[in-house]
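Spelled out from the first residue to the last, the chains are:
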Amino acid sequence: MHKKIYLALIGAASFLVSCDSFSDALGTKEITPISVTIRSEITLPGFDGTSGLKLILNNYTEGIRVEKELTSSTVEIGDLIPGMYSIVVSGKLKNKEGVWYYLNGSLVNHPVLNHRATIDLPISGQKISPLVFKEIFYAGTANFYFRNQFYEIYNNSEDLHYLDGIYFAVLHPTKSTSTLPVWPQEDGDKYVYTERIWKFPGNGTTYPLKPGESCVISQFAANHKLEIYNPNSPVDCSSSEFEFNMNNPKFPDQPAFDMEHVYFDGKADKGRSPQYLTSVFGGAYVIFKVPEGEVYDPVNNPALQAKDQSSSSKKLYAKIPIEYVLDGVEAVDDETKVNAKRMPGVLDAGITTVGATYNSLGVARKKIGENPDGTPFLQDTNNSTEDFERGVVPMFRRYNAKMPSWNHTLK
C-alpha cells in the first residue's frame, strides 16, 4: 500500500525541516528527520496478524500527521521530525471464527526521538457493537443553561436489537484531567469506573430498535426553546424517547419514558442531586450490556465497587467490566486535553470536543454510507478523533435516521 503522509511543515528536497518550537528546545535551527519501526501485536487470540489495520501518528505540537495502511505487523516510518507523538493502530478485522472486531492500540504523548528505534504497540479490541452513540450534546447554551443535554443511540447494524436492560454511564472523573484516580491494583486493566449508572427499562422485548433507527435520552425531555426555559436553545427535546428523571418538582416528568436508576455511591437511591447533569466540558460516555447468564449488581456486590486510592473520599464507584462495553466516546474540553484521557484506548483511542462550554454545539458521528432504505451507515473505529464531526449544531436523527414506532409522539 502507498504511504500517505500529511505534514503541516514541509522542508526542502532533503526534507530538513525548521520547526521553531522544537528547534528552540534543542538550541538549533535545523532538524534532521529520523525513521522508526512500529511493531504491533494483537493481544487477543484468534487473529492472524495486523494486515488491514491503519497506523496514525500525530504530533499535535508541530501539526504533523502520518497515516499508513499496515500490510504486516512491523512497519518502518521515515522522514519523521523528532518529538512527542500519539501513535494509534486501529481498524476492523475478522478473527478466525469469522467474528468482526474493532481493534486498536495507542500510545499517548510518546517520545519519538531516536533514529532507527523500535516501538512496540500492543493491540486489543472489542466485538463490533450494533449500538453506537450517534450524537451527543453536552455543552449547553448561553447563558449557563445545560438542561438541554442529550445522547442519541443508533442501531448501526443489519439486525433488530432491544434496548431493554442496556446500561448508560459517564466515567469518573466526569471532567478530563491529567490527575487521574488511582484504582485498586488488583483490578488491573479490567474495568472502567463510574459514580452513577442508569438502565433502559423493559422486560427484554419492550423497546426494539430496528436497523437505521435511533433513540434519544435527554437530561430533561422538554421543549427547551420555550420562553420558560431558554429560547436560544438549538433543540426541542420533547420528542425524546427517554429522559433522566430525578423527581425534581421544578422540572416535571415529561411524556418520555424514564430511564431506570441503578447505582449512585453504593446505593440504588438517586441521591440529592436536583438533575442529572453531565459535564459541560465533555464526559467519557459508555453504553454497556451484561452478557447472558451473568449477574451485574454493583449495589449488593462489593466486588463491583471501588474507591479512588488517591483520595480521602469514601465515595464508592461502580466497576464496569471492559468486555461489557458496547460503545464508548470520550469528549474533552479542547485539543489541549488530548493527553488527559479517562477512557482506555481499547474503548476509544481518541477524543472529540466542541472546544468551549455553553456554545450550543455538539458532536455527531460521521456518515460513511447509506443503507438501502436511505438510513445512514456510520463510522465506528473506536477512535472518536476520527469518527466524529465536531462543533455541529445539534439535532435529532441527523442523516434521516428513523424514529422507533413506540415513540410517544407517534401514538
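(A) A look at the overall build of the protein chain. The number of helices and strands found in the protein chain is 2 helices and 26 strands. Scaling as 2.2 N^0.38, a compact globule of 411 residues should have a C-alpha radius of gyration of about 22 Å, and the protein chain matches this with 22 Å. The principal-axis extent of the C-alpha atoms belonging to the protein chain is close to 70 × 55 × 50 Å. By residue count, 53% of the 411 residues in the protein chain fall in the buried class. Counting only contacts in the protein chain whose residues sit at least 6 apart along the sequence, the fraction spanning at least 24 positions is 71%. Entry remark: accessible area of the protein chain is about 18,400 Å², with carbon and sulfur atoms responsible for 50%. Within the protein chain, the 48 negative side-chain charges are centred at a point lying 2 Å from the centre of the 40 positive side-chain charges.

(B) Here's a closer look at the pattern of salt bridges. The final tally for this structure, using the stated rule, is 20 salt bridges. A salt bridge links Asp-120 to Arg-39, with the nearest nitrogen and oxygen atoms 2.5 Å apart. With a gap of 81 residues between them, Asp-120 in strand E8 (residues 117–127) and Arg-39 in strand E2 (residues 34–42) connect regions that are remote in the sequence. Here Glu-330 and Lys-341 are joined by a salt bridge, their closest N and O atoms 3.0 Å apart. With Glu-330 in strand E22 (residues 325–330) and Lys-341 in the loop between E22 and strand E23 (362–365), this pair connects stretches of sequence that are 11 residues apart. A single burial state applies to Glu-330 and to Lys-341, both of which are buried. It is possible to trace a salt-bridge network through shared partners that takes in Lys-54, Arg-65, Glu-67 and Glu-386.

(C) Quick look at the environment of Phe-242. With respect to the element layout, Phe-242 can be found in strand E16 (residues 242–243). Sequence-wise, Phe-242 and His-408 are 166 residues apart; in three dimensions their C-alpha atoms are separated by 9.8 Å.

(D) Structural detail: the nonpolar core. With 30 residues, the main nonpolar core has Phe-133, Leu-163, Phe-168, Phe-200, Phe-242 and Tyr-285 as its most contacted residues. Broken down by secondary-structure element, the contributors of at least two residues to this core are strand E9 (131–137), strand E10 (150–155), strand E12 (167–171), strand E15 (214–218) and strand E19 (284–288). It is E9 that provides the largest number of residues to this core, a total of 3 residues. The residues contacting Phe-133, other than those within four sequence positions of it, are Tyr-151, Glu-152, Ile-153, Phe-168, Tyr-285, Val-286, Ile-287, Asp-327, Val-329, Arg-365 and Phe-388. Within the second largest apolar cluster, 27 residues are counted, among which are Leu-57, Val-66, Val-89 and Val-112.

(E) Quick look at the side chain of Ser-214. Along the polypeptide, Ser-214 turns up in strand E15. For Ser-214, a relative accessible area of 0% gives the class buried. Apart from the residues within four sequence positions on either side, Ser-214 is in contact with Lys-134, Glu-152, Ile-153, Tyr-154, Leu-209, Glu-241, Arg-397, Ala-401, Lys-402, Met-403 and Pro-404.

Conventions we followed
Residues numbered from 1 in each chain as written. Predicted model: local features only at pLDDT ≥ 70, side-chain atom pairs only at ≥ 80, totals over all residues. Heavy atoms only, no water. Helix = DSSP H or I, 4+ residues; strand = E, 2+ residues; numbered from the N terminus. Rg over C-alpha atoms; globule rule 2.2 N^0.38 Å. Buried < 20%, exposed > 50% of the residue type's maximum accessible area, 1.4 Å probe, protein only. Contact = heavy atoms within 4.5 Å. Areas by Shrake-Rupley, 256 points an atom, 1.4 Å probe, with all protein chains shown as cover. Lys, Arg positive; Asp, Glu negative; His and termini not counted. Charge placed at Lys NZ, Arg CZ, Asp CG, Glu CD. Salt bridge = Lys/Arg side-chain N within 4 Å of Asp/Glu carboxyl O. Core = buried A, V, L, I, M, F, W, Y, C linked by side-chain atoms within 4.5 Å.

Taken by themselves, the reported measurements are silent on function.
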